[in-house]
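Residues per chain, in single letters:
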Amino acid sequence: MADGPQRPMNIQLNDSLSQQWFTKFKYICVPLLEKSQLSAGTVATVLPLLSNLESTLLDASGTGFTLSQSLVSYIFFPLSTILRRNESSAIPDQILEKIFGVLAILCETWWWYCDTQIWDQIFKLSSSIIGGAEGKGKGKVRDDETKEAAGRCLWAILRERRAEEVPQESPEELLRTRVSQLQAHSESLQFMPILGQTINTLLLTAKSSHLPLQRISLKILHALISVYASEQFLPSILPGVVSSMTRIALGMSSKKGWVNGDIVALSLGTLERVIVKSLGDDVSLREGVVRSVVDLEDFINLADAPAVDPKPPELPPYLTPRTSSWLRASASQLHIAINSLTILVNHPTPLALVALSSFSRAILTSTYLTLPQSRPLLLTWLLSLSNCAFPEVSQAAHHALSELLTAASHARLPLLQALLEISKENLSSLPRSIVSQDDTKVEHIAGQIEAICQLATSSSTSSTGLGLTSISLGIDTLLGPTGGIEKWGFTLLSVLEFTSPQTSVSQGSVAQLLLEDNADNLDTINFPEAMLKNVLARSTRDALARMLRALGRSSGENSIYAVEWFVSTGRYSRTNNAIAALWCAARLLEGISGFSLDEGGMAISSGPRSRKLERFARGLARDLAELWDESPDFNNQTNTPRTDRQTDDSLLKTEFTKGFKTIRATLQVAEPRATLPTLSEDQLILHKIFRLQLLSISAGILQARYASVLIYVIYPVLHSVVSPTPHLSLTGLATLHFMSAVMSYASPANLLLSNFDYALDSVSRRLSRRWLDVDATKVMAVLVRLVGADVVQKAGDVVEECFDRLDEYHGYEVIVQGLVGVLGEVIKVIEAEEPPTQKEGQDDMQSSMITNSLEPLFEWLSHRKDLPPHEDVTHHVPAPHRAWGTTKADEESVEKQSDGPTTQPKIAENAEPAPTPGQALTKQMVSRSIYFLTHASPVIRARILTLLSSATPVLPESALLPSIHLAWPFILNRLNDAEPFVVSAAAGLVESLVTHVGSFMSRRVWDDIWPRFGSILKKLDASDDQNALARRGYGAVGTESAYTHSHRLYRSILRTMTAAVAGVHMQDASGWQVILAFRRFLHKQAHEELQACARELYVALGRGNEDAVWLALMATCGHLTGEVAYLREYRWDIQDNVRAILNE
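Just so it is clear, the structure is predicted and the values come from calculations on it, not from any experiment.

1. Structural notes on the overall build of the protein
- Tallying secondary structure elements over the protein gives 48 helices and 2 strands in all.
- At a minimum sequence separation of 6, the contacts of the protein that also span at least 24 residues come to 77%.
- When the accessible surface of the protein is split by element, carbon and sulfur atoms take 53% of a total near 57300 Å².

2. Topic: the packing of helix α26 (residues 611–626) against helix α28 (residues 707–721)
- Two elements in contact, α26 and α28, have axes separated by 9 Å at closest approach and are oriented at 30°. By the angle class used here, α26 and α28 are roughly parallel. At the point where α26 passes α28, the crossing takes the left-handed sense. Within the contact between the two elements, α26 uses Arg618, Ala621, Arg622 and Ala625 and α28 uses Ser708, Val709, Tyr712, Val713 and Pro716.
- Among the residues forming the contact of α26 with α28, the class breakdown is 6 nonpolar, 1 polar and 2 charged.

3. Observations concerning helix α6 (residues 144–158)
- End to end, α6 covers 20 Å across 15 residues, agreeing with the expected 21 Å (1.5 Å per residue, within 8%).
- Burial within α6 is extensive, with 11 of its 15 residues counted as buried.
- Those residues of α6 that sit buried are Thr146, Lys147, Glu148, Ala149, Ala150, Gly151, Cys153, Leu154, Ala156, Ile157 and Leu158.
- As for α6, its buried residues are in contact with α4 (93–110), α5 (116–131), α8 (192–205) and α9 (211–228).

4. Looking at the pattern of salt bridges
- On inspection of all chains with the given rule, the structure shows 28 salt bridges.
- Salt-bridge contacts for arginine 1139 lead to aspartate 1136; the nearest nitrogen and oxygen are separated by 3.2 Å. With arginine 1139 and aspartate 1136 both in helix α48 (residues 1135–1142) and 3 residues apart, the pair spans about one turn of that helix.
- It is possible to trace a salt-bridge network through shared partners that takes in Glu108, Arg159, Arg161, Arg162, Glu164 and Glu165.

5. Remarks on the side chain of asparagine 86
- Assignment of secondary structure puts asparagine 86 in the loop between α3 (69–85) and α4.
- At 2.8 Å, the side chain of asparagine 86 and the backbone oxygen of serine 36 are in polar contact.
- A distance of 2.9 Å separates a polar atom in the side chain of asparagine 86 from the backbone nitrogen of leucine 38.
- Look past the residues within four positions of asparagine 86 in its chain and what remains in contact with it is Ser36, Gln37, Leu38 and Ile91.

6. Examining the environment of alanine 699
- Looking at the element boundaries, alanine 699 is found in helix α27 (residues 681–702).
- Overall, the relative accessible area of 0% leaves alanine 699 in the buried class.
- A C-alpha to C-alpha distance of 9.8 Å links alanine 699 and glutamate 614, two positions 85 residues apart in sequence.
- Setting aside residues no more than four positions away along its own chain, alanine 699 makes contact with Tyr706, Met739 and Val742.

7. Some details on the environment of cysteine 1093
- Locating cysteine 1093 in the fold gives a position in helix α46 (residues 1088–1104).
- Residue classification places cysteine 1093 among the buried residues on the basis of a relative accessible area of 7%.
- Separated by 42 residues in the primary sequence, cysteine 1093 and arginine 1051 have C-alpha atoms spaced 7.0 Å apart.
- Those residues in contact with cysteine 1093 that lie beyond four places of it in its chain are Arg1051, Leu1054, Arg1055 and Thr1058.

8. Quick look at the nonpolar core
- If you look at the biggest cluster of nonpolar residues, it comprises 322 residues, and the most contacted ones within it are Leu496, Leu544, Tyr706 and Phe1078.
- Among residues more than four places away in sequence, those in contact with leucine 496 are Ile434, Leu532, Leu544, Ala580, Trp583 and Cys584.

9. Side note on the packing of α26 against α27
- Axis separation between α26 and α27 bottoms out at 9 Å; the angle between their running directions is 145°. The two elements α26 and α27 meet at a crossing, and its hand is left-handed. Touching Leu613, Glu614, Ala617, Arg618, Leu620, Ala621 and Leu624 of α26 are Arg691, Leu694, Leu695, Ser698, Ile701 and Leu702, all from α27.
- The residue inventory of the contact of α26 with α27, partitioned by class, reads 9 nonpolar, 1 polar and 3 charged.

10. With respect to the packing of aromatic side chains
- Per the stated rule, a full pass over the model turns up 19 aromatic pairs.
- Taking 5.9 Å as the distance between ring centres and 40° as the angle between the ring planes, the aromatic pair formed by tryptophan 1010 and phenylalanine 1078 counts as tilted. With tryptophan 1010 in helix α43 (residues 1002–1025) and phenylalanine 1078 in the loop between α45 (1068–1077) and α46, this residue pair connects regions lying 68 residues apart in the sequence. Note on accessibility: tryptophan 1010 and phenylalanine 1078 belong to one class, buried.
- A network of ring pairs unites the aromatic residues Trp119, Phe123, Phe191 and Tyr228 as a single cluster.

11. Things to note about unusual backbone geometry
- One non-glycine residue, glutamine 437, adopts positive backbone phi at about 60°.
- In this model, glutamine 703 sits at a positive phi of 55°, which is unusual for a non-glycine residue.
- Mapping glutamine 703 onto the fold places it in the loop between α27 and α28.

12. Details of the environment of serine 436
- Looking at the element boundaries, serine 436 is found in the loop between α18 (412–435) and α19 (439–456).
- Counting along the chain gives 99 residues from serine 436 to valine 535, while the straight-line C-alpha distance between them is 9.3 Å.
- Within the structure, the side chain of serine 436 is placed 2.9 Å from the backbone oxygen of serine 433, a separation counted as a polar contact.

13. Digging into the confidence of the model for the protein
- When pLDDT is averaged along the protein, the result is 78, and 77% of the positions lie at 70 or above.
- The low-confidence segment residues 458–467, where pLDDT is below 50, has 14 contacts with residues more than four positions distant or belonging to other chains.
- Segment residues 894–910 is flagged for pLDDT under 50; beyond a separation of four residues in sequence, or across chains, it makes 2 contacts in the model.

14. Thoughts on α19
- Here α19 contains 18 residues, and its C-alpha end-to-end distance of 26 Å stays within 8% of the 26 Å for a straight helix at 1.5 Å per residue.
- The buried fraction of α19 amounts to 14 of the 18 residues, a majority that puts the element mostly inside the structure.

What counts and what doesn't
Residues numbered from 1 in each chain as written. Predicted model: local features only at pLDDT ≥ 70, side-chain atom pairs only at ≥ 80, totals over all residues. Heavy atoms only, no water. Helix = DSSP H or I, 4+ residues; strand = E, 2+ residues; numbered from the N terminus. Contact = heavy atoms within 4.5 Å. Areas by Shrake-Rupley, 256 points an atom, 1.4 Å probe, with all protein chains shown as cover. Axes fitted to C-alpha atoms, helices over the stretch in contact; angles between N-to-C directions. Parallel < 35°, antiparallel > 145°, perpendicular 65-115°, else oblique. Left-handed = near helix turned anticlockwise from the far one by under 90°. Nonpolar A, V, L, I, M, F, W, Y, C, P; charged D, E, K, R; others polar. Expected span 1.5 Å × (residues − 1). Buried < 20%, exposed > 50% of the residue type's maximum accessible area, 1.4 Å probe, protein only. Salt bridge = Lys/Arg side-chain N within 4 Å of Asp/Glu carboxyl O. Polar contact = N/O pair within 3.5 Å; in protein donor to acceptor, adjacent residues only side chain to side chain. Core = buried A, V, L, I, M, F, W, Y, C linked by side-chain atoms within 4.5 Å. Phe/Tyr/Trp six-rings, centres within 6.5 Å; stacked < 30°, edge-to-face > 60°. pLDDT = per-residue confidence, 0-100.

Shown next, in the form of structure tokens:
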């Protein structure tokens, strides 16, 4: 009952609102009607009125006001009057543009009610303006903006309306009725030529460089073909529309490169509609052009079908009948056109790629009977788009494939068959494409196979997987025992030839350089990439790796057989196939495991693994670790497996010989075998690199349960870390970091410390007489460096192991040198962690004897005979030497108290503190390494001297000096060694001893060391004259480089004497010899480092005997004459250094 009064009230409000808007439009339409006859004077008035009318209509539509039919007719009347009263060519473009803008707004409402003739007239008017065919003759050429306005008007009467746009209080079937009415008119024979001419015009304007005009033309074309063009008419316009849309999508009419994404989307949408409506399965079945076979009755009807096409019905000349011959010809030409669109798969905009995906899905769904030859091509597009980097594109392609391959339609089985054919063709063409170095083709094929594998992945493991059983079973068969992997696997391996990356090779391993100062601060290290000889682009290599991972992921545990076969081939083959096989096995195993080495160990999920996979990973790690214990050269001719390509019967070459067989004059019955190819040194390195990757993957599978396998694996990894080959060393370090991460260790140091016994045992087993590995000592050294400070807790075992092996192999220079290097690493760690030992106070003996002033002497001389000022003449009796009142009993009680427990702390305070574990370990190494000072190898002698130098600041005097005293004769002999670097190391040891235990060296320096230093300086003078690196010139001293043995020896001697002068009592004669001997290093032509060391020496000498230093240096410069004039040296320019020394 409430609606009754409400409805009249709404009617009154609408009438009032309509009256208000009518008044506004009246003030515009009446003057516009008065000025309908256009002239030069009225154009300036009409143009603002039209603009005001357009803005008022926009305001009305913005408020939600709906124009009534009468109001629309009222507004349309002045517009039609202008068009009737003026010649079309006389109407300016601006006026016509505004008229079409107003008409477009009116037609949004008028489309529902206008008469068909009005719709027809607006259609013709807009079409004539767009095509430039106004009236008779050629017509006036309008600008692009006017054509665009006419196109918007035409779009307003042609666009498809939705049910929500139906006017209020209108019947629900109004939309369907109105569309049917307009379709009937457009499909009439009278209107069909106009429609064809309009489509031809729009095909031309769709190629315009004016983007708004091009965009509206494509929209109108899509609407005409989808709604208003009849099925009988579309075959006639099919060639023109397909050709134009193809050219527009590819940008053939312009030279700017890729076409905008929205233009491509509109052209593909138009192309899709014209193909589906022209030769789609539905229309072709209705007209009997093709036949569908679904059941037995269809087979019977197919057999009864006539062999010759029936005579087509009589049609107007502009209509084309559908026949079988027409379909074959059209399908062939259409396939060529569609194939030309393949380049759009690489379009840079997601909008175009999504449109291409939609186009492919629509054509595959609607033309599986009429376009069978295009089916693989369109599927290939969808597979490529499913791997697109844009998420919206890949999701759209996956959704399209899901609808095509899982829906219960007649197209599903042909599409699945086409998918399997694509897979076979790609697998067979992949090796040929790799050999031809066609990276684009290889990347495309790998992406296709990856996309097919993603379709086979179950939805439980992949958010986009479809779980297609047939595809999954096909992949399982391919990678299983019955998949013929012996044939296609060898074909693939034969074209995958790996080469080492181009990097510079250093003497030490790259991993050791990385570990020098920041072993605990290293970030995650990526595995270095290997190069493929036939694949140049990195993206192509990544595509091949993703393809193999996808195969493993889709097949799961069913592909373990393929991994085993690849590993077996890589283990036993002697050709390049071995390297490629291990790489393929690693990528497949990554797919099975669900992670990639590129992601790093921290990104691996800790989910449960199947027992089968864990058991395989455990056995794989043990088998691969054993390869490091076998002979490194793959040159032995035994144990060749039957899986080698050389013995594969299916690959034997057919040979035709002609003539007699030569009889060999030998007792050998068997035919001589050709020498099998062997792996080069670089290939062996690659073989180890991929083995390490497989070890890392097995660690990622087992994770914390990998500890049981670590005893076999830890030595191969550390052995690779110490390799001099950079990429192998980095791979070993990356493997160590990866294992630490997946086993939940904070760093590799923690991993090695927790399994230190495993590592040390693996090294010791390879240093036995039965099993000797020269690199084992390097492994032990890098083990110590990796563990760092915590190695002190375990280093006792390392030191014992080193000296046990030194006793056994002391005659083998390489092994002894390596073991001494291990001891040096232990000393470095202890030296970095142990605080410097507090030595007994070393007084500066020279400075204690210095007399800064003679005033006290003069004072004493002047008063030496003076009497004391107050002389005490009192005679004192002898006084007791103890305090008064102390009795013998008191002394006994004191003695008893002194025997009590209070004396224990006093003894503890005076006793030397117990050595730390590091000091005890260092003492053991020093005492046991002294005997190697007389080793036959000069390198080992130098290493031992350096070891003792490093141990000097760590040990207290009580632990150090007995060993040094015992070894002193050997140290002196090393100063007379024939090798300069050994002499330099001995001088470095003396320098360290003088610096830290100066009191012990006080007599030894001047009695033993200085005479030998003097002879060494004379020998160096003679040798520098014959040294190619010696400085040339008048008075030149030393060498140009700071890295020669003579330079280092000079530096050690200078520093040793500086420390000796400062910390050891110097005799005057020896001091004068030192002052004279080192003047040469003050020459400004000497090396800067030697000049600095010499200045420090003379400053230290000046603290002990300033007058002697002044006398010698001034005489050398020529500033003194007389008895010291012989000290003058003209060849040395030491003025600047002397001035600096005397100013100290």
